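Below are the chains, spelled out letter by letter.
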Amino acid sequence: MINKTIAELSQELAKGSVSSVELTKACLERINNSQKTLNCFITVTPELALKQAAEADKLRSQGKAQALTGIPIAHKDIFCTKGIKTSCGSRMLDNFIAPYDASIVSKLMAAGTVMLGKTNMDEFAMGSSNENSYYGPVKNPWDLKAVPGGSSGGSSACVAAGLAYGATGTDTGGSIRQPAALCGITGIKPSYGRVSRYGMIAFASSLDQAGPLAQTAEDCALMLQAMAGYDEKDSTSVNKSVPDYQAALTQSIKGLKIGLPKEFFGEGLHPDIEASVRESIRVLESLGAIIKEVHLPNTHLSIPVYYVIAPAECSSNLARFDGVRYGYRCENPKNLEDLYKRSRGEGFGQEVKRRILIGTYVLSAGYYDAYYLHAQKVRRLISQDYENCFKEVDVILGPTTPTPAFNIGEKSADPIAMYLSDIYTCGINLAGLPGLSMPGGFVENRPIGLQLIGNYFEEAKLLNIAHQFQQATDWHKKRPEK
Amino acid sequence: MSISLEAIERIAHLARLPYEHTPDSHPIQDDLNRIVQMVDQIRGADTKGISPMAHPLNMSQVFRTDEVTELNERDQLMLLSSKAEAGLYLVPQVIE
C-alpha cells in the first residue's frame, strides 16, 4: 500500500482490502524507522492516530465513509492542534501546547483523516531548505545530502518518503511549491483567502496561505476540497463557493492557452531544468494546449519587494512572542526589558532575528516611505503584470525553482543565495494568485518541478491541467529508493 | 544605503532583540547590509500614480455585530504561561 495514492487507497479502504488501522500502523512504523535519518517529524501522535483510525474504520462499517475517511496524513507544525505541541519549528514555542485546533485541522478531521503527527519546518516558516529548524534539518528522501526545500520541508519529505499519504503546508513565498518541487511531489498554494488562516501561526499575514502536498494532483484536489472554504473566524477568508475540484480534473485541456514568461527562462535557470520545462510543453501541446510567450516585466523585483514586505509583516506578527503569556521565557530576568530581549534573543533562531531586524528597519521612521510604502506600490506593479498576462492566456507555466535541491549547508551561510530560491514563486504570493508545482523530471538525479500559475480562485483549472499532465507522464509515480 | 552598528543597535531595541557591539557584530552588519543592498533595487521602479497594495485582493476589514460570542477560557489559557497566578501574569517590577 506504500506507493498508493490517496485516491487509490480510498478505493482499497472501500473494498475492505485494508483497514485504516492497518494503514496507520504501517505509516507509524515507517516514521519510526526513518526519523533518525530523515527527521521529518517534530511530534508523532501514535495513540491519537490509532484512535482516529479505529473511528474511521467504524464509520466505514456504518456506511458513513467519505473520500478521505481513514487516510493517514501529517500536519505542518505551524497549525495549532488542540492538546498537542505546536512549535512552529522554534525554541520559542517548544513548550507550547495549542489550546485549540486550526480551522484546516478541524476540517480535515471532519473529513475523516488520521493525524500521524506534526512535521518539521523552517522556524516560523522562514526559510527555503528546512535548515532553520530548532529541531534540526530535514533530509531529502531522494538524496540524504540534499535539502528537501522549505519551509514545509518536513511535510514534503514525509510524503515523498511514503511516511504519510498527504500533508498540509503553508506558502508565503513558495514554501509549499518549492519543497514539493525538490521532493518530486505535487503541492498547491491556493489563492489568498481561499483557505482559512485561523489557527495558522502567522508569518506574513497578507501573503500566508495553507495548502496540501501529496503524490498527485488528484490527491491535492481531494485534500483541498476539505480544506477550502469561507471561515468567519478568519477576517481575510473570502466568501466564495468551493467548486468540485475532483469533477474538474477530467476536463480536456484542448484549446487552453498557456503562457511562458520570457523572464522565467533567463539567467540563473539551470539549463537542464529549462530542457525539462520545454519537454513538458511538448506534452501539453500534444494534449491540445496552445503555448504563447508572455511577459512579466517586473519579475526581477519580486525578491526585493518580498524581502521588504514579508520581514515587515513578520516583525509585527512576531512581536507577540514576549515571554509573558506563552512560549519561551528566559531565566531570572533583571527587568521587563531584559525579559523581552532575552526571551526573544534566546527563543528565536538567527534567520528569524535577521528578518525581524530587516522588517523593523523598513518600517522605522525615516525609512517607511522609501522601503515599505514603495514596496507596496511595486507589489501592485507585479500584480498588474499577472493581470495583463491573464488577458492573453488562461494559465502561466514555468519552472518552480532555478536549480534542483542543493546540498545541506551549501547556502545556509549566505541568506541572499537562499532567498534567490524563491525567484519564480514569491511573485505569486505578492499577487495573491494560486500556484501549483508538479513533478517534471530529474536533474542530477534530484527531482525538479513545473509550476502552473492561475488567475484568482482558479485552483480547479490548475489541478485539471496537472492531472491531465500526470495522465500523460509518469514523473509523479517515481519514488525514492527505500 | 548601509546600516551602521548604531542603527542596528537602535532597531534591535525597537524590536526588543538583544544586541551589543562586539568584535562579532560585523557578520550581522554584513548580512543586514547585503539584504538592504538587495532590496534597494526597488528604488529604481517607477511607481508614479500607483497606489500601495496592502492586501492581495484589495479587500478591507470586515465587521461583525458587536456581541459576545467567545467563551471565557481565561484560566485554561493562562496555564500556557510559566509564570501566572490568581489571574495575573507575573513579570519583573515595572513601577519604581
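The structure presented is a predicted model; accordingly, all values stated were derived computationally and were not measured. (Residues numbered from 1 in each chain as written. Chains lettered and ligands numbered in written order. Predicted model: local features only at pLDDT ≥ 70, side-chain atom pairs only at ≥ 80, totals over all residues. Heavy atoms only, no water.)

## Points about the overall build of chain A
Tallying secondary structure elements over chain A gives 16 helices and 11 strands in all. Scaling as 2.2 N^0.38, a compact globule of 482 residues should have a C-alpha radius of gyration of about 23 Å, and chain A matches this with 21 Å. Along the three orthogonal principal directions, the C-alpha set of chain A runs to about 65 × 50 × 45 Å. When the 482 residues of chain A are sorted by exposure, 67% land in the buried category. Within chain A, contacts between residues at least 6 apart in sequence are counted, and of these 75% link residues at least 24 apart. When the 50 basic and 49 acidic side-chain charges of chain A are each reduced to a single mean position, those positions are 3 Å apart. (Helix = DSSP H or I, 4+ residues; strand = E, 2+ residues; numbered from the N terminus. Rg over C-alpha atoms; globule rule 2.2 N^0.38 Å. Buried < 20%, exposed > 50% of the residue type's maximum accessible area, 1.4 Å probe, protein only. Contact = heavy atoms within 4.5 Å. Lys, Arg positive; Asp, Glu negative; His and termini not counted. Charge placed at Lys NZ, Arg CZ, Asp CG, Glu CD.)

## Quick word on the pattern of salt bridges
Considering all chains together, one arrives at 22 salt bridges over all chains under this definition. The partner of E279(A) in a salt bridge is R282(A), with the nearest N and O atoms 3.0 Å apart. Placement of the pair is E279(A) and R282(A) together in helix α9 (residues 271-286), with a separation of three residues, close to one helical turn. The exposure class assigned to E279(A) is partly exposed, which follows from its relative accessible area of 40%. Its salt-bridge partner being D75(B), residue R74(B) comes within 3.4 Å of it at the nearest N-O pair. Owing to a relative accessible area of 45%, R74(B) belongs among the partly exposed residues under this scheme. On the basis of relative accessible area, D75(B) is assigned to the exposed category, the value being 55%. Among the charged side chains, a network of salt bridges with common partners joins E351(A), R354(A), R355(A) and D31(B). (Salt bridge = Lys/Arg side-chain N within 4 Å of Asp/Glu carboxyl O.)

## Some remarks on the nonpolar core
All names here are of chain A. Within the largest apolar cluster, 163 residues are counted, with the highest numbers of intra-cluster contacts made by F124, C158, V305, F321, F348, Y386 and L463. The leading source of residues in this core is helix α10 (residues 302-317), at nine residues. Counting residues in each nonpolar core, the second largest holds six residues, with L182, A405, F406 and M418 among its members. (Core = buried A, V, L, I, M, F, W, Y, C linked by side-chain atoms within 4.5 Å.)

## Topic: the interface of chain B and chain A
In this assembly, 48 residues from chain B lie in contact with 63 residues from chain A. Across the chain B/chain A interface, buried area totals approximately 5100 Å², and carbon plus sulfur atoms make up 70% of it. Summed over the shared surface of chain B and chain A, the result is two salt bridges. Here D414(A) ties to R34(B) by a salt bridge, and the two come within 3.0 Å at their closest N and O atoms. At the surface where chain B touches chain A, the tally comes to 14 residue pairs in polar contact (both at pLDDT 80 or more). Contributions of two or more residues to the side of chain B that touches chain A are made by α1 (5-14), α2 (25-39) and α3 (74-78) of chain B. A per-element tally of the side of chain B that touches chain A places α2(B) first, with seven residues. When the residues that make up the side of chain B that touches chain A are grouped by side-chain class, the tally is 30 nonpolar, 10 polar and eight charged. (Buried area = accessible area lost by both parts, 1.4 Å probe. Polar contact = N/O pair within 3.5 Å; in protein donor to acceptor, adjacent residues only side chain to side chain. Nonpolar A, V, L, I, M, F, W, Y, C, P; charged D, E, K, R; others polar.)

## Focus: the state of the cysteines
Residue and element names in this part refer to chain A. Under the criterion given, the structure shown has zero disulfides over all chains. Considering cysteine sulfurs only, C80 is the nearest to C88, which forms no disulfide, with 8.6 Å between them. Residue class for C88 comes out buried when judged on its relative accessible area of 0%. Cysteine C220 is unpaired, with the sulfur of C158 as its nearest cysteine sulfur at 13 Å. (Disulfide = S-S within 2.5 Å.)

## What to know about the packing of helix α4 (residues 103-110) of chain A against helix α7 (residues 217-227) of chain A
Residues and elements named next belong to chain A. Put simply, α4 and α7 touch, their axes get as near as 8 Å, and they point 115° apart. Judged by the angle between their axes, α4 and α7 are roughly perpendicular. Here the hand of the crossing between α4 and α7 comes out right-handed. In this structure, α4 contributes I104, K107 and L108 to the contact, and α7 contributes M223, A226 and M227. (Axes fitted to C-alpha atoms, helices over the stretch in contact; angles between N-to-C directions. Parallel < 35°, antiparallel > 145°, perpendicular 65-115°, else oblique. Left-handed = near helix turned anticlockwise from the far one by under 90°.)

## Examining the packing of aromatic side chains
Residue and element names in this part refer to chain A. Applying the stated criterion to the full structure yields 16 aromatic pairs over all chains. Relative to Y424, the ring of F264 has its centre 5.1 Å away and its plane inclined at 50°; by these criteria the two rings are tilted. Of this pair, F264 sits in the loop between β7 (257-261) and α9 while Y424 is found in the loop between α14 (415-419) and α15 (426-431), placing the two residues 160 residues apart along the sequence. Accessibility classification places F264 together with Y424 in one group, the buried group. Three or more aromatic residues joined by ring pairs make a cluster, and in this case those are F96, F124, F321, Y326 and F348. (Phe/Tyr/Trp six-rings, centres within 6.5 Å; stacked < 30°, edge-to-face > 60°.)

## Digging into the confidence of the model for chain B
In the predicted model, chain B carries a mean pLDDT of 89, and 97% of its residues have values of at least 70. The ipTM value of the predicted complex is 0.94, and its pTM value is 0.97. (pLDDT = per-residue confidence, 0-100.)

## Details of the side chain of R355(A)
Residues and elements named next belong to chain A. Residue position: R355 is located in helix α12 (residues 350-363). Note on R355: relative accessible area 5%, which makes it buried. Residues contacting R355, with those up to four places away along its chain left out, are M126, G127, F203, Y307, P311, C314 and Y419.

## Some details on the sheet that holds strand β4 (residues 166-171) of chain A
Residue and element names in this part refer to chain A. Strand order in the open sheet made by the 11 strands is β1-β3-β2-β4-β6-β5-β10-β11-β9-β7-β8, with mixed pairing throughout. Every other strand in the sheet has two partners, leaving β1 (41-44) and β8 (290-294) as the edge strands with one partner each. Mean inter-strand twist for the sheet, computed between neighbouring axes without regard to direction, equals 30°. Strand direction decides the pairing type here: β1 and strand β3 (residues 114-119), joined by three bridges, are antiparallel. Among the inter-strand pairings, V44 is bridged to a residue of β3, identified as G117. Lying on the sheet, helix α2 (residues 20-38) is in contact with β1, β2 (72-76) and β3; it crosses β3 at an angle near 20°. In the packing of helix α5 (residues 153-160) onto the sheet, contacts are made with β1, β2, β3, β4 and β6 (209-214), and the angle to β4 comes to roughly 155°. (Pairing = 2+ DSSP bridges.)

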